[in-house]
Amino acid sequence: MKNLKHLFPILYFFLILSCDEFILKKTVVVKLLKGDIIFEPNTPSLFGTLNYTIKNRQKKSLQEIFFISHPQVQIDTIKYNGDKTRFDQGIGYGMGIYRIRIPVLPSESDAQIEITFHLNGPIREERFLLTSEQVFMDAKKIWLPVPFAETPSFLYLLKVSTPTNYISILGARIKEETIKPDRREIVWQSEIEDVLHTGNIFIGQFERVNHNDIFLYSYNPIQPNPIFSFCRKTINLFSNRIGKYPYSQIHIINELFQYKDIEEFIDGEAMANIIQLSPELSDTNSISIDKITNSPIPFVPRNNVAKLYEVLAHELTHAYLPTILKFNEDNYIEQEAFAEYAGLCSIWNYYPEIYKKFIDGNRIELINLKLSGQSDQRLFRYLYGVNSLHCAFKENPALFLDYINILIQKYRYIEVGPEELIQTANDVNSITSPSNTIIFTNAIALLGSEQLYNVELSFSNLYVTNFFEKYKTVEIHRQLFIQNGFPIPVDVILTYIYMDYSLTNIVHLDSFSNTNLICDNKVLSIIAKTGLEALEEKLSDNQVSFISNYGEDIAISSINNFYNNQKFNTRWVKIEKSNTSNEDEGLESLYIDRERSTFVSPSISFQFDRIVPNKKEGYIQAYKMIDNKPYSYVIFKFKKENINRIDILGIIDPLF
Ligand SMILES: [Zn+2]
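Residues numbered from 1 in each chain as written. Predicted model: local features only at pLDDT ≥ 70, side-chain atom pairs only at ≥ 80, totals over all residues. Heavy atoms only, no water.

Judged by side-chain polarity, Tyr463, Val474 and Ile476 come together as a nonpolar surface patch covering roughly 320 Å² of accessible area. Relative to the assigned elements, Tyr463 resides in strand 25 (residues 455–466). For Tyr463, a relative accessible area of 57% corresponds to the exposed category. (Patch = residues over 30% accessible without salt bridge, like charges linked within 9 Å, V, L, I, M, F, W, Y side chains within 5 Å. Areas by Shrake-Rupley, 256 points an atom, 1.4 Å probe, with all protein chains shown as cover. Salt bridge = Lys/Arg side-chain N within 4 Å of Asp/Glu carboxyl O. Helix = DSSP H or I, 4+ residues; strand = E, 2+ residues; numbered from the N terminus. Buried < 20%, exposed > 50% of the residue type's maximum accessible area, 1.4 Å probe, protein only.)

Put simply, Thr43 and Pro44 share a cis peptide bond, and its omega is -15°. Note on placement: Pro44 falls in the loop between strand 1 (29–40) and strand 2 (45–55). Geometrically, the link from Gly121 to Pro122 is a cis peptide bond, its omega value of -5° lying close to zero. Of note in the backbone geometry, Arg127 takes a positive phi value of approximately 55° without being a glycine. Among the structural elements, Arg127 can be located in the loop between strand 9 (123–125) and strand 10 (128–130). The backbone phi angle of Asn212 is positive, close to 50°, even though this residue is not glycine.

Let us look at empty space enclosed by the protein. If you walk through the whole model with that rule in mind, you get four cavities of 30 Å³ or more. Within this model, the largest cavity holds a volume of roughly 190 Å³. Along the wall of the largest cavity there are 17 residues; nearest its centre are Ala139, Leu144, Val146, Val195 and Gly199. Those elements that place two or more of their residues in the lining of the largest cavity are strand 13 (155–163) and helix 4 (195–198). Here the lining of the largest cavity is built from residues that sort into 15 nonpolar, one polar and one charged. (1 Å grid on protein atoms, 1.4 Å probe; cavity = no way out; pocket = protein on both sides within 12 Å on 5 of 7 lines; lining within 4 Å. Points joined across faces, edges and corners; volume = space filled by probe spheres on them. Nonpolar A, V, L, I, M, F, W, Y, C, P; charged D, E, K, R; others polar.)

What follows deals with the packing of helix 9 (residues 332–350) against helix 12 (residues 397–411). Interaxial distance between helix 9 and helix 12 falls to 8 Å at its minimum, and their mutual angle equals 135°. As summarised for this structure, helix 9 and helix 12 are arranged oblique, according to the angle between their axes. Here helix 9 runs over helix 12; the crossing is left-handed. Between helix 9 and helix 12, the residues in contact are Phe338, Tyr341, Ala342, Cys345 and Trp348 and Pro397, Ala398, Phe400, Leu401, Tyr403, Ile404 and Leu407, respectively. A per-class count over the contact of helix 9 with helix 12 returns twelve nonpolar, no polar and no charged. (Axes fitted to C-alpha atoms, helices over the stretch in contact; angles between N-to-C directions. Parallel < 35°, antiparallel > 145°, perpendicular 65-115°, else oblique. Left-handed = near helix turned anticlockwise from the far one by under 90°. Contact = heavy atoms within 4.5 Å.)

The next point concerns the nonpolar core. Counting 117 residues, the largest nonpolar core has Phe400 and Tyr403 as the members making the most contacts within it. For this core, the element with the most residues is helix 9, which contributes ten residues. Residues contacting Phe400, with those up to four places away along its chain left out, are Phe338, Tyr341, Ala342, Cys345, Leu389 and Phe393. Within the second largest apolar cluster, 63 residues are counted, among which are Leu33, Ile100, Ile174 and Ile201. (Core = buried A, V, L, I, M, F, W, Y, C linked by side-chain atoms within 4.5 Å.)

For the rest of this paragraph, the subject is the pattern of salt bridges. Applying the stated criterion across every chain yields a total of 29 salt bridges. Between Asp110 and Lys31 there is a salt bridge, and its shortest N-O distance comes to 2.7 Å. Of this pair, Asp110 sits in strand 8 (residues 110–120) while Lys31 is found in strand 1, placing the two residues 79 residues apart along the sequence. One salt bridge in this structure joins Lys410 and Asp427, with 2.7 Å as the shortest N-O distance. One end of the pair, Lys410, is in helix 12; the other, Asp427, is in helix 13 (residues 418–431), and 17 residues separate them in sequence. Judged by relative accessible area, which is 29%, Asp427 ranks as partly exposed.

By the secondary structure assignment, Arg594 is in helix 16 (residues 590–600). Residue classification places Arg594 among the buried residues on the basis of a relative accessible area of 17%. Along the backbone, Arg594 and Ser605 are eleven residues apart, and their C-alpha atoms lie at a distance of 10 Å. In contact with Arg594, not counting residues within four places along its chain, are Phe562, Tyr563 and Asn565. In this structure the side chain of Arg594 is engaged in a polar contact, spanning 3.0 Å, whose partner is the side chain of Asn565. (Polar contact = N/O pair within 3.5 Å; in protein donor to acceptor, adjacent residues only side chain to side chain.)

Averaged over every residue, the pLDDT of the protein chain is 88; the share at 70 or more is 92%. Every residue in residues 1–11 is under pLDDT 50, and counting partners more than four places away or in other chains gives 28 contacts. Across residues 13–18 the pLDDT falls below 50, and counting only partners more than four positions away or on other chains, this stretch makes nine contacts in the model. (pLDDT = per-residue confidence, 0-100.)

The subject of this paragraph is the sheet that holds strand 14 (residues 167–170). Across the sheet, which stays open at both edges, the five strands sit in the order 9-10-11-17-14 with antiparallel pairing between neighbours. The open sheet has two free edges, formed respectively by strand 9 and strand 14, since each of these has just one partner strand. For this sheet the average axis-to-axis angle between neighbouring strands, irrespective of direction, equals 15°. The pairing of strand 9 with strand 10 spans three bridges and is classified as antiparallel. Bridge pairing in strand 10 links Glu125 to Phe128. (Pairing = 2+ DSSP bridges.)

Their axes nearest at 10 Å, the elements helix 10 (residues 352–371) and helix 11 (residues 378–393) cross at an angle of 140°. Between helix 10 and helix 11, the angle is such that the two are oblique. Between helix 10 and helix 11 the crossing geometry is left-handed. Where helix 10 abuts helix 11, its residues Tyr355, Ile359, Asn362, Arg363, Glu365, Leu366, Leu369 and Lys370 lie against Leu379, Phe380, Leu383, Tyr384, Val386, Asn387 and His390. Among the residues making up the contact of helix 10 with helix 11, the classes are represented as nine nonpolar, three polar and three charged.

Its boundaries defined by the atoms lining it, the largest pocket holds a volume of some 1400 Å³. In this structure, the largest pocket is lined by 48 residues; those nearest its centre are His390, Lys529, Gly531, Glu533 and Arg610. Only helix 10, strand 27 (490–497), strand 28 (502–509), strand 30 (525–529) and strand 33 (604–614) provide two or more residues apiece to the lining of the largest pocket. The residue makeup of the lining of the largest pocket, split by class, is 21 nonpolar, 14 polar and 13 charged.

Put into structure tokens, the structure is as follows:
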């Protein structure tokens, strides 16, 4: 969902802001809208008859009421309880305002209003499109007249008639479909009262396929089965965990009308039970989910079936957010992060390896956004929000869906903000007993932050002189230093690795604090886990090793030598000349990267951050340093040829 504020037509906005109480006092509520709408491609035009059952909810009786519509929609006739009635248009408020004079309508009484209207094209305005080929009308543009109200809220039953080769789609369910020799008539029945979400219309010459209640519309034939099966799985999971799915049908349009990137952060858009998808996503169904799972790459590349699932899952969550669980307007980005993380919970449930790649990929993107000076931007806050939720619910993403269920029970239709989120997490923690299902509430408090933080391990040798022995002796102890750079308290789980066993120990550190520990000399290495890795700036310092990490050290030092045109042992490390694998997006040969990097500055080096091995292949994550300053966060793909030799296959530098 894009920010509603930006989408509101100026007309509607103008009315809410400037309309005096006068008009609000003349408004009625709609109990039900029934009507017939006809699309004629030759003109092109939309026209029809609409029957509103209205009710006067004002304390006083009414003798005039106001309707509003987009200025290009023409109202031809108005009947009140079956009789033609007079109306004025314009009346100082603009073309789209109609004043209807009516006989006295007492308070709490119902009446019928019938309106005939027409709308002639071609029109090619933003989200207000009427051509011979297609129709896309955003409900917020008020393409159907409605009584003036702050937020229109009613159910509708609309029959849309098109030529047989066209198909209409509304944010509702297909109640009935009749195909005549020259016309197709679909009766659409809305399932929720939120007209701003349900009242969008699409018409086009689609091919339509369906599997039970999931419908897929496309201009080009596509392989529908992955879409159907993943939607079904996600709806099942959400229904079980979050609560009944609000719609009985889903209509997926494999097309973005007018735009690419209709949502701000993701390649799709949800409007009630309509989901628009970028067709690029379904084009690439040939790359199987297993292939992505088995790839060692620590993120999900663009345009493949895992991305398609991510977008579908995200859009499916919009059935609950914001129609049932609403966030404050200030927390719009957090709401989107919630939608995204809920979607990732479905991916986690069915493809846990892919879930990890999304989280790792977000971290890589966050670091690169920061390095390129964009940590104040909306995308940073969004990805940060997703990874904060991962840190808060890491042990159990299903708990997150239960948590949304509890939020809905507590705050259905009431706007929530950070306080309500934290309060509810504390409530959940107080009623759940096993410690591994506890929400890390402090990580939720990081939502909206614009910084990456760091937990750091380091060590020094401590020389202890023993005066009590007969002969004075000097012992070397290792002193471990742990620093928590996060603005929240952290439990650091330390694992001490010995030759043939390991021990764990938990150290609690307050926000921005540090501590020292003495450890014995037999320890080979120590690994720190905080559960906040997805928001950490550096992972190399989450571990200290008293023996050399031969593989990593030699790989990074050889790469550094290579970029500085110095010799290195080519028996141990081989650098591939050209990128042999064309499957990895953005993977470049180190020869090419060296040339363009040293063009910027001759001083290029890499600082190791993390190694992600995967069977015989793997990735090294590292900071690319230009003139000793971190420039970008890169990935080296490698293949382990044998126990002694590593092949560097290429580099992915997202900022180059
Ligand atoms: Zn969204």
